[in-house]
Each structure stands twice: as structure tokens, then as C-alpha cells.
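# Results of the structural survey
So you can see what is in the structure, the chains are spelled out below.
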2 protein chains.
Amino acid sequence: MGIHTQVNGYGSDDVVLLAHGSGGTMSHELVEKRLLAQISNAALDRLDDSAVLNSATRIAFTTDSYVVSPILFPGGDIGRLAVCGTVNDLAMVGAEPVCLSLALIIEEGLPFHTLDVVMQSVHKACVEAKVRVVTGDTKVVNRGKADGLFITTSGIGFVQEGLDISGRRAKTGDKVILSGSIAEHGVAIMSAREGLSFSTTVISDCAPLNGLVCAMLAQSTDAVHTMRDPTRGGLATTLNEIASQSRVGIVIDESAIPVRQEVRAACEMLGLDPLYVANEGKLVAVVAEEQAEDMIEAMRRHPLGNDATIVGEIISEKSGRVMMRTRMGPTRLVQMLAGELLPRIC
Amino acid sequence: MGIHTQVNGYGSDDVVLLAHGSGGTMSHELVEKRLLAQISNAALDRLDDSAVLNSATRIAFTTDSYVVSPILFPGGDIGRLAVCGTVNDLAMVGAEPVCLSLALIIEEGLPFHTLDVVMQSVHKACVEAKVRVVTGDTKVVNRGKADGLFITTSGIGFVQEGLDISGRRAKTGDKVILSGSIAEHGVAIMSAREGLSFSTTVISDCAPLNGLVCAMLAQSTDAVHTMRDPTRGGLATTLNEIASQSRVGIVIDESAIPVRQEVRAACEMLGLDPLYVANEGKLVAVVAEEQAEDMIEAMRRHPLGNDATIVGEIISEKSGRVMMRTRMGPTRLVQMLAGELLPRIC
């Protein structure tokens with residue numbers, strides 16, 4: 001698990017050494033040959049202590065550390081995850097992502113090949129999301145003091161004047177829209193980790209959502225009250241966060257929530273409830289009732305919103321709680337994830 | 001070394017568990033009770049995926065990961081270091097630091113007490129530097145997959161219109177100013193790590209430099225061509241970076257570089273050259289010749305610039321190289337740090 005199995009067969013010239021974290025010539029070589037080589041751009045190449053950007057308007061700012069294990073998984077790797085995760089956090093407040101920072105904590109012994117694969121992924125995801133990495137940092141720690149590679153990305157986005165999308169704005173009567181099927185990222189990681197193979201490989205849904213959000217805001221800026229990407233803790237936890245922040249109740253329909261058949265099968269085998277499993281390319285939007293159908297149509301025209309559907313609504317009762325109408329009929333409480341379900345899923 | 005010695009004596013209620021990284025209720029408890037409790041503010045408390053700020057002007061953006069070992073050291077800890085380091089990176093391009101992000105990677109088993117000490121330090125350093133943490137993230141990894149606590153801070157600052165302070169702007173004839181005595185941070189860490197005690201404890205110089213930079217820019221915005229804080233790799237590496245980026249030569253005077261006596265003694269005992277030892281509260285400025293004396297006076301009026309002095313100058317020969325006039329007389333080449341001197345110094 002982790003990097004240790006990947007070190008086999010690599011000589012000392014092929015792996016990261018502690019000296020690559022010195023700040024001296026070996027650090028410079030690492031930065032120039034391995035990192036800038038992939039993600040070079042004018043702002044980053046200046047190598048000053050901070051990147052300087054021209055700003056127009058209101059700024060959104062976010063950060064996330066990624067410690068996913070394994071580093072490479074079906075449908076992505078820690079690099080793609082880091083870029084998409086930060087882009088998505090910006091998109092969830094309606095911001096247009098502009099630039100990212102990228103900070104690496106590398107365990108001595110990480111094969112350069114793995115680092116190269118991850119950096120190529122960072123580059124590819126940046127192109128997809130139309131963002132640039134403009135500043136970065138690299139630290140190396142001794143063997144046994146990290147787990148291959150941790151990445152922390154922060155992001156800056158610009159927010160249109162007047163836009164106020166927040167976890168606090170869900171209102172009674174609003175519809176809860178889910179952009180697509182759930183639980184794919186978590187199942188992909190767990191399958192990779194446990195060495196499971198199913199008849200169909202489950203692929204992480206990891207993707208940058210800013211294009212979909214752009215399509216949604218083009219449809220209507222006023223209609224979208226809240227957006228969240230249901231990552232760690234899954235859809236159940238995200239809905240609980242919204243219910244709590246907005247002080248409203250949420251009712252969802254179990255039968256309306258799309259779960260792919262192979263994902264449902266894998267969840268059963270792994271003993272997981274898809275509602276609590278992480279997604280990395282899906283969003284939940286709380287949308288004004290009268291505009292929900294038009295919004296669904298706008299979302300379905302985007303590749304990442306093909307399966308968008310209404311899964312529930314905001315109610316004035318049961319403030320702070322999430323209820324689910326089950327397939328069997330009765331309504332049950334959907335609690336926030338307690339304890340640990342899937343460690344190191346992102 | 002590291003966290004393992006600190007775990008002794010703590011029960012399982014007193015330490016971070018893997019479940020604190022789940023994204024569920026335990027994560028929320030950790031964030032609310034341990035983290036927000038220390039650094040609460042309106043932007044951060046919204047707990048949306050991104051903080052939204054009103055922006056005036058040009059933005060500076062920077063990031064750094066901190067992996068210092070030990071986490072607590074004479075004169076500071078990883079929390080103070082993370083805030084000061086990011087504030088200083090912003091200050092080095094002449095930006096006024098405005099807000100920070102704070103991302104924690106915690107090893108399961110970290111005592112809450114250590115986390116509390118670090119978060120108090122984060123708060124205190126933020127007050128000192130007049131910045132706020134507006135967004136953050138927390139991940140927990142299994143025991144043995146990190147080393148107690150890693151912190152990644154990113155920062156946003158605003159830059160005055162027309163200001164262009166960069167590693168590329170050092171010009172022939174410019175003076176090289178050092179804000180104070182060198183090598184204190186590195187020696188403090190090494191002493192703590194090796195369990196050394198000297199007659200006088202060496203304290204890390206870790207401090208936010210934005211106040212000093214503000215005083216310098218109040219003196220003159222045009223005079224300051226380049227600023228850098230000589231962290232990893234020390235003064236020697238920083239000067240080499242400037243020489244290389246600006247395509248100039250730099251000559252420094254060994255006798256002009258302030259090194260405290262206890263630091264010099266410790267360096268001799270540890271076999272270190274102070275020129276290569278990290279600083280966390282000092283800056284190097286490359287300043288127009290005719291304004292260098294006035295700048296020194298302005299710096300000396302600030303507590304962190306009391307010992308500011310001219311240590312060298314920019315020359316047109318020896319492009320990309322740093323030369324030092326030694327106490328003994330002859331001039332020698334000062335190379336960039338090669339390999340690893342002091343791992344995990346920041």
C-alpha cells in the first residue's frame with residue numbers, strides 16, 4: 001500500500017532524496033526538471049516568493065490537502081484530485097477559478113516516475129479546468145515520515161458582483177438537485193486499495209465542475225442558492241451541513257438518487273452505504289422551486305450534468321435534519337457520518 | 001524526535017484519531033472545538049468551501065508547506081513558522097498580507113495539547129502580522145504515515161499599483177542590505193533536535209516581516225528593487241538566486257554580516273557555515289545605491305530592523321555568481337547550497 005510497493009526496482013537516481021528538499025541546487029533541479037517542466041507558465045516561472053495577479057473583483061479563496069492512498073487509482077491520481085478538488089471548492093461559491101498554488105510534501109524514496117505521472121495529471125487537469133498553477137513549494141521528509149506524496153492546493157477565483165451562493169441560503173420550497181450518480185470516487189479508491197476486481201472496474205468521477213457551474217449560472221444567477229460538492233462524508237454529510245447552516249429541513253427520495261449498478265454492487269460487497277461515500281465530480285445545488293426544471297435542462301446539456309435530477313426539497317420542519325423517503329415507503333433520518341468510514345479517500 | 005516522544009502519557013481521548021479526518025461529526029468537532037476556537041473570524045466561520053473577499057487591486061499569492069521537526073522549538077513552533085513564512089513571502093514582493101489559508105495534515109495520535117499550542121501560536125502570529133485565516137482544511141493520516149503535524153499555509157496580499165519588487169530587478173551599483181543577524185532559526189532547530197544546550201539558548205528569529213517592509217516602502221517604493229527572506233539554504237543560497245535571476249554578480253563582505261556570538265559558537269560546534277543556515281525573520285533587500293543609507297536608517301527605526309546593515313553590492317562582472325571578501329583578505333566564490341544541510345528546518 002502507498003508508495004513502498006512502488007519503490008521496488010528503482011535505483012537511487014530514480015527516486016526523490018532528502019537532499020531534494022534542501023533549498024539548494026538539488027531543490028532547484030527538482031523544481032525545474034520535474035515540476036516546472038509540466039506546468040510552466042509566465043507567472044510561475046518568475047519563481048518569486050509570491051505570484052502577483054491583476055484582480056478585477058471579489059475574490060474567492062480556498063485550500064485543501066490531499067493524502068489519498070493509493071496515489072494512483074482508477075480514473076485519476078492525487079494530482080488530478082488536488083486540482084479538481086480546489087477548482088470545485090471555488091466553483092461551489094460560484095467563483096470562476098483563476099489560479100492555483102501547489103505545495104508538495106514528498107517522502108524520500110518517491111520514484112521520479114510517480115512524481116512525473118502526478119505532475120502530468122496536474123497539468124492535464126489544469127488545462128481541462130482552464131486554470132494555472134502560479135506558485136508552489138516542495139518539501140521532502142525522511143522515509144517513514146510521510147506516505148509517498150501529499151499535495152496541498154489553494155485556489156483563487158473571481159466572483160461576480162452580487163452573487164451570493166452559500167450553505168446558509170437554502171430556503172423552504174427550494175429543490176435539491178444532484179448533478180449525477182454518486183459514490184464512484186470512494187468505491188474506486190477502496191477497490192484499488194483492497195485489490196478488489198469487479199466485472200466492471202469502477203472509475204473515480206474526479207472532474208473539474210467549473211464548466212458545469214458556468215452553464216448553471218448562465219441559466220440563472222438568482223436561482224442557485226447553495227452549491228456543494230459531496231466529497232468526504234458523501235451526499236448524506238453534505239446535505240446535513242446544508243440543513244444545519246441554513247437551519248432548514250431536507251427531504252430526499254431514495255429512489256431518485258442515481259447509483260450505478262456496478263457501484264451499488266461494490267458498495268454491498270464492501271459494506272458501504274453509497275450515501276456516505278465520497279464523490280469528486282458531482283455537485284448538489286439548492287435551487288429556487290420555480291426554476292428547478294429549467295436548471296435541470298441546462299445542466300443536462302453539459303457532459304458532467306447529463307444525469308442531473310431533482311432528489312429532494314427543502315422543508316421548514318425538522319430544522320437541521322435530513323430525512324429520506326425510502327424505497328420501502330417509510331421516511332427515516334439520514335445522519336451525518338460519525339467516526340471514520342473511508343480513511344484517506346482524498 | 002518528532003511527535004512520538006510526546007504521545008507518552010496521553011490517553012485516546014487526548015489525541016487525534018483517524019476518525020477526526022472522516023469529514024463527519026468527529027471532523028466537525030475537531031474543526032469547531034480545536035481549530036475555530038483559536039482563529040475564529042467572520043470569513044472563516046461561514047465554513048463555505050471558499051472564502052470570498054472584496055478585492056481592491058493587484059493580488060499576490062503564495063504557498064508553503066511546513067514539515068519542521070521538532071514541532072515545538074525555542075522561539076516558536078510550526079504554527080508560528082507557517083504564519084510568518086507565508087506573511088514574509090507576501091511581504092517580499094511588497095504585498096500587504098491580507099488573509100491566509102491553513103491546511104493541516106495530522107498524524108493519528110497527535111496530542112490535542114500539541115494541536116492547541118500550535119493553534120494558539122497561529123492566532124498570536126496572525127494578530128502580530130495583522131492577517132486572518134479565512135479558509136482551511138484538516139486531514140488525518142494513520143500512525144506512521146506522517147510526523148505529528150504538517151501545515152500548509154497559502155496567502156493573499158494586495159500590491160500597490162506600479163510596485164515591482166522582484167528577484168529579477170537587482171542592478172549594477174545597487175547595495176545589498178541585510179535586516180539583521182543570521183542563522184538563528186536553523187541553529188535553534190538543530191539545538192532542539194540534537195538536545196544540545198549552550199550557555200545561552202539560541203532562539204529562532206521567526207517573525208512576520210510585513211511591518212518592517214511597510215516601513216521600508218514608506219521610506220521609498222522606487223528604491224527597493226529586490227527583497228528575499230533567506231530561509232532554507234540561508235543567505236548564500238538566497239544571494240545566488242538573486243544573482244542568477246537578475247543576471248548580475250554580487251560581492252559581499254564577510255566582516256559586515258552580523259552573526260551573534262552564541263550562534264557562531266553553536267555553528268562551529270555543529271559544523272555549520274552560518275551563510276547556509278536558515279533564517280525566518282530576516283530579509284535581504286537590493287536597494288538603489290543613492291538611497292541605501294536612508295533606507296538603513298528607516299529600517300533601524302523598526303524593532304525587526306535594528307541591526308540592518310549594508311553587506312555588499314551588485315556588480316556587472318561575474319554574472320550569476322556571488323563573491324565574498326573574506327576576513328583574511330582574499331575574495332572567494334560563495335556557492336549555492338548543494339545537497340542537504342539541515343533537513344526539515346521549516
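The structure under discussion appears in the preceding block.
Residues numbered from 1 in each chain as written. Chains lettered and ligands numbered in written order. Predicted model: local features only at pLDDT ≥ 70, side-chain atom pairs only at ≥ 80, totals over all residues. Heavy atoms only, no water.

### A look at the sheet that holds strand S9 (residues 224-228) of chain B
Where strands meet in a sheet, backbone hydrogen bonds hold them as pairs that are either parallel or antiparallel. Residues and elements named next belong to chain B. The strand order S9-S11-S8-S12-S10-S13-S14 describes an open sheet built from seven strands, whose pairing is mixed. Here the strands that pair on one side only, and so sit at the sheet edges, are S9 and strand S14 (331-333). The sheet shows a mean angle of 25 degrees between the axes of neighbouring strands, direction not considered. As judged from the four bridges shared by strand S10 (residues 249-253) and strand S13 (residues 322-325), these two strands associate in the parallel manner. By the bridge assignment for S13, Ile252 is matched with Met324. (Pairing = 2+ DSSP bridges. Helix = DSSP H or I, 4+ residues; strand = E, 2+ residues; numbered from the N terminus. Axes fitted to C-alpha atoms, helices over the stretch in contact; angles between N-to-C directions.)

### Some remarks on the sheet that holds strand S13 (residues 322-325) of chain A
All names here are of chain A. Sheet architecture is open: seven strands sit in the order S9-S11-S8-S12-S10-S13-S14, paired in mixed fashion. Where the open sheet ends on each side, the last strands, each with one partner, are strand S9 (224-228) and strand S14 (331-333). Recorded for the sheet is a direction-independent mean angle of 25 degrees between the axes of neighbouring strands. Across four bridges, strand S8 (residues 175-178) lies against strand S12 (residues 309-315) in antiparallel orientation. Within S12, the position partnered with Lys175 by the bridge is Glu313.

### Some words on the packing of aromatic side chains
In total, this model carries two aromatic pairs over all chains according to the counting rule given. Where Phe61 of chain A meets Phe61 of chain B, the ring centres are 6.2 Å apart and the plane angle is 80 degrees; that geometry is what we call edge-to-face. With Phe61 of chain A in strand S2 (residues 58-66) and Phe61 of chain B in strand S2 (residues 58-66), the pair connects residues from two separate chains. Taken as a pair, Phe61 of chain A and Phe61 of chain B share a single burial class, namely buried. Sitting above the plane of the Tyr66 of chain B ring, Lys139 of chain A keeps its charged end 5.3 Å from the centroid. (Phe/Tyr/Trp six-rings, centres within 6.5 Å; stacked < 30°, edge-to-face > 60°. Buried < 20%, exposed > 50% of the residue type's maximum accessible area, 1.4 Å probe, protein only. Lys NZ or Arg CZ within 6 Å of the ring centre and 35° of its normal.)

### Examining the pairing of strand S6 (residues 132-141) of chain A
Remark: a regular strand shows side chains that alternate across the two faces of the sheet. Residues and elements named next belong to chain A. Counted residue by residue, S6 has eight buried out of 10 residues, so it is predominantly covered. With nine bridges joining them, strand S5 (residues 96-107) and S6 adopt parallel strand pairing. Within S6, the position partnered with Leu104 by the bridge is Thr138. Crossover connection from S5 via helix H5 (residues 112-129) to parallel S6: handedness right-handed. (Right-handed = clockwise from strand over helix to strand, strands pointing away.)

### Describing the environment of Ile310 of chain B
All names here are of chain B. Checked against the element boundaries, Ile310 lands in strand S12 (residues 309-315). For Ile310, a relative accessible area of 24% puts it in the partly exposed group. A sequence separation of 35 residues divides Ile310 from Ile345, and the C-alpha atoms of the two residues are 27 Å apart. Those residues in contact with Ile310 that sit more than four places away from it in its chain are Lys175, Val176, Ile177, Ala256, Ala292, Glu293 and Ile296. (Contact = heavy atoms within 4.5 Å.)

That's the geometry; what it means functionally is another story.
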